[in-house]
Amino acid sequence: MSAPNKSYDPVEVEALKPENIERMRDEALAAFDAAADLDALAQAKTAHAGGTSPLSLANREIGALPPQAKAEAGKRVGMARGQVNKALAARQAVLEAERDERVLVEEAVDVTLPYDRVPSGARHPLTTMMERVADVFVGMGYEIAEGPEAEAEWFNFDALNFTPDHPARQMQDTFFVRGEGQEPGSREDESGIVLRTHTSPVQARTLLDREPPVYVVCPGRVYRTDELDATHTPVFHQIELLAVDEGLTMADLKGTLDHMVQALFGPDMKTRLRPNFFPFTEPSAEMDMVCYVCRGASVGNPERPCRTCGSEGWIELGGCGMVNPKVLVACGVDPEKYSGFAFGFGIERMLMFRHNVEDMRDMVEGDIRFTRPFGMEI
Ligand code: PHE
């Protein structure tokens with residue numbers, strides 16, 4: 001230690017007098033103690049430990065002292081500041097712990113309470129699926145066509161070449177709204193009214209309405225007298241396609257179907273046609289597409305069964321064919337000049353295998369827990 005400084009007394013510098021340093025320290029400690037919360041402590045910190053606090057200002061005075069006096073004054077101020085900082089940290093810890101405890105109590109959430117917020121909904125997957133399919137055709141230049149759900153029997157059956165004794169005309173299959181039992185085959189304005197059993201009447205409406213070339217796609221709701229169960233619903237949806245132009249052939253139909261399944265399920269998809277009968281198409285076919293899950297790999301392979309196609313390798317989509325010339329004639333289109341193709345399929349079925357929906361009732365019950373996971377695809 002150097003000899004005590006006789007020529008200069010640091011005590012003489014007012015701010016550095018021991019009693020002043022002690023007073024500054026005590027005031028700081030008292031202010032911290034008095035701070036009731038973290039905000040108050042932050043203010044006390046600025047006042048007593050900040051850059052312009054009395055202790056900091058005193059600390060600056062040390063630089064002006066002669067070398068011999070610096071050590072003594074520095075030690076005194078340093079100790080005081082150390083005590084102040086320690087007290088500050090201690091008070092800070094206490095107040096933070098208090099706050100954390102209070103927040104836990106005040107902000108507790110009772111997760112068992114019923115919540116009262118209106119949950120955000122979602123578009124129904126049937127709607128988005130219909131729009132998605134329609135979009136594929138709109139992209140190829142097709143137009144959307146629509147028709148009424150309560151449809152003239154004439155459009156639903158007669159114009160489409162259903163014979164008067166066709167079983168679909170029976171009460172067991174069709175909802176009759178008006179004039180049930182009326183003479184079948186009577187013209188549109190005199191015919192009965194049914195809830196349309198398919199979207200095909202829009203074919204006839206469109207052909208009466210427009211001059212070929214006609215390229216339309218028609219999504220819509222249809223009705224049949226089925227009981228609601230896991231695989232049937234009396235109200236369901238179809239999407240119908242109609243193209244009438246010069247020189248259209250079955251090859252155009254096949255190419256259009258392939259394009260559709262590729263757009264919806266992936267580039268390597270394809271379809272196949274199996275002979276069938278519909279009164280309004282000739283020839284008619286059932287259309288299948290390759291199972292988009294196993295791609296046929298499950299066929300004859302018990303090691304790798306496929307739930308989606310039942311190990312068939314193909315999934316049945318719907319019906320199709322070349323528009324029957326009788327329909328063209330009934331709608332005033334010259335079958336010598338024009339030919340056309342049409343197809344139609346059920347949206348519910350497509351939703352079932354595309355999204356593994358196992359029970360059709362889920363689609364009609366309106367429970368948003370079903371629709372919400374499909375998101376808000378627009
Ligand atoms: N309308 C037919 C049905 O509901 C499907 C179909 C549409 C068949 C167009 C051929 C052409 O089963």
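This one's a predicted model, so the numbers in the text were calculated from it and none came from an experiment.

1. Focus: the sheet that holds strand 3 (residues 176-178)
- The 3 strands lie next to each other as 2-4-3, forming an open sheet whose pairing is antiparallel. A strand with exactly one partner marks an edge of an open sheet, and here the two such strands are strand 2 (150-152) and strand 3. Averaged over neighbouring strand pairs, the angle between their axes works out to 40° when direction is ignored.
- Where strand 2 meets strand 4 (residues 193-195), 3 bridges bridge the pair, whose relative direction is antiparallel. Pairing of Glu-151 across the sheet is with Val-194, part of strand 4.

2. A word on the side chain of Arg-196
- Positionally, Arg-196 belongs in the loop between strand 4 and helix 7 (201-209).
- For the buried Arg-196, no salt bridge is present, and the opposite-charge side chain at shortest range is Glu-149, 4.6 Å distant.
- In terms of polar contacts, Arg-196 uses its side chain to reach the backbone carbonyl oxygen of Gly-147, at 3.2 Å.
- Among the polar contacts made by the side chain of Arg-196, one reaches the main-chain carbonyl oxygen of Arg-221 at a distance of 2.8 Å.
- Filtering out sequence-adjacent residues up to four positions away, Arg-196 remains in contact with Gly-147, Pro-148, Glu-149, Glu-151, Asn-156, Pro-201, Val-202, Gly-220, Arg-221, Val-222 and Tyr-223.

3. Section: the site of the ligand
- Around the ligand, 14 residues are found, and the nearest of them are His-198, Ser-200, Arg-224, Gln-238 and Gly-344.
- One of the side-chain nitrogen or oxygen atoms of Ser-200 is found 2.9 Å away from a nitrogen atom of the ligand.
- The separation between an oxygen atom of the ligand and a polar side-chain atom of Arg-224 is 3.0 Å.
- The protein chains hide 90% of the 320 Å² of surface that the ligand would expose on its own.
- In this structure the site holding the ligand corresponds to the largest pocket.
- Sorting elements by how many residues they give to the shell around the ligand places strand 10 (residues 339-346) first, with 3 residues.
- When the residues that make up the shell around the ligand are grouped by side-chain class, the tally is 5 nonpolar, 7 polar and 2 charged.

4. Here's the deal with the side chain of Thr-233
- You can see Thr-233 is positioned in the loop between strand 5 (214-223) and strand 6 (235-245).
- Exposure remark for Thr-233: the relative accessible area of 5% places this residue in the buried category.
- Within polar-contact distance, the side chain of Thr-233 engages the backbone oxygen of Val-235 at 2.6 Å.

5. Things to note about unusual backbone geometry
- A cis amide bond links Pro-212 with the next residue in sequence, Pro-213, at an omega value of 5°.
- Here Pro-213 lies in the loop between helix 7 and strand 5.
- In this chain, Glu-282 is followed by Pro-283 through a cis amide linkage whose omega measures -5°.
- Here Pro-283 is to be found in strand 8 (residues 281-290).
- Phi at Ser-311 takes a positive value of approximately 60°, unusual for a residue other than glycine.

6. Comments concerning helix 3 (residues 54-61)
- Burial in helix 3 covers these residues: Leu-55, Ser-56 and Ala-58. Buried residues of helix 3, seen end-on, are gathered within an arc of 160° and therefore sit on one face of the element.
- On the buried face of helix 3, the contacting elements are helix 1 (18-34), helix 2 (38-49) and helix 4 (67-106).

7. Looking at the packing of aromatic side chains
- By the definition in use, this model includes 12 aromatic pairs.
- When the ring of Phe-137 is compared with that of Tyr-142, the centres are 5.4 Å apart and the planes differ by 70°; the resulting orientation is edge-to-face.
- A relative accessible area of 7% means that Tyr-142 is categorised as buried.
- Here a set of aromatic residues connected by ring pairs shows up, and it is made of Phe-137, Tyr-142, Tyr-215, Phe-343 and Phe-345.
- Cation over ring: Arg-205 sits above Phe-155, and NZ or CZ is 4.1 Å from the ring centre.
- Of note, Arg-354 hangs over the ring of Phe-265, and the distance from its end group to the ring centre comes to 5.3 Å.

Criteria and thresholds
- Residues numbered from 1 in each chain as written.
- Predicted model: local features only at pLDDT ≥ 70, side-chain atom pairs only at ≥ 80, totals over all residues.
- Heavy atoms only, no water.
- Pairing = 2+ DSSP bridges.
- Helix = DSSP H or I, 4+ residues; strand = E, 2+ residues; numbered from the N terminus.
- Axes fitted to C-alpha atoms, helices over the stretch in contact; angles between N-to-C directions.
- Buried < 20%, exposed > 50% of the residue type's maximum accessible area, 1.4 Å probe, protein only.
- Lys, Arg positive; Asp, Glu negative; His and termini not counted.
- Salt bridge = Lys/Arg side-chain N within 4 Å of Asp/Glu carboxyl O.
- Polar contact = N/O pair within 3.5 Å; in protein donor to acceptor, adjacent residues only side chain to side chain.
- Contact = heavy atoms within 4.5 Å.
- Near = heavy atom within 4 Å.
- Areas by Shrake-Rupley, 256 points an atom, 1.4 Å probe, with all protein chains shown as cover.
- 1 Å grid on protein atoms, 1.4 Å probe; cavity = no way out; pocket = protein on both sides within 12 Å on 5 of 7 lines; lining within 4 Å.
- Sits in = over half its atoms within 2 Å of the grid points.
- Nonpolar A, V, L, I, M, F, W, Y, C, P; charged D, E, K, R; others polar.
- Arc of directions from axis to C-beta.
- Phe/Tyr/Trp six-rings, centres within 6.5 Å; stacked < 30°, edge-to-face > 60°.
- Lys NZ or Arg CZ within 6 Å of the ring centre and 35° of its normal.

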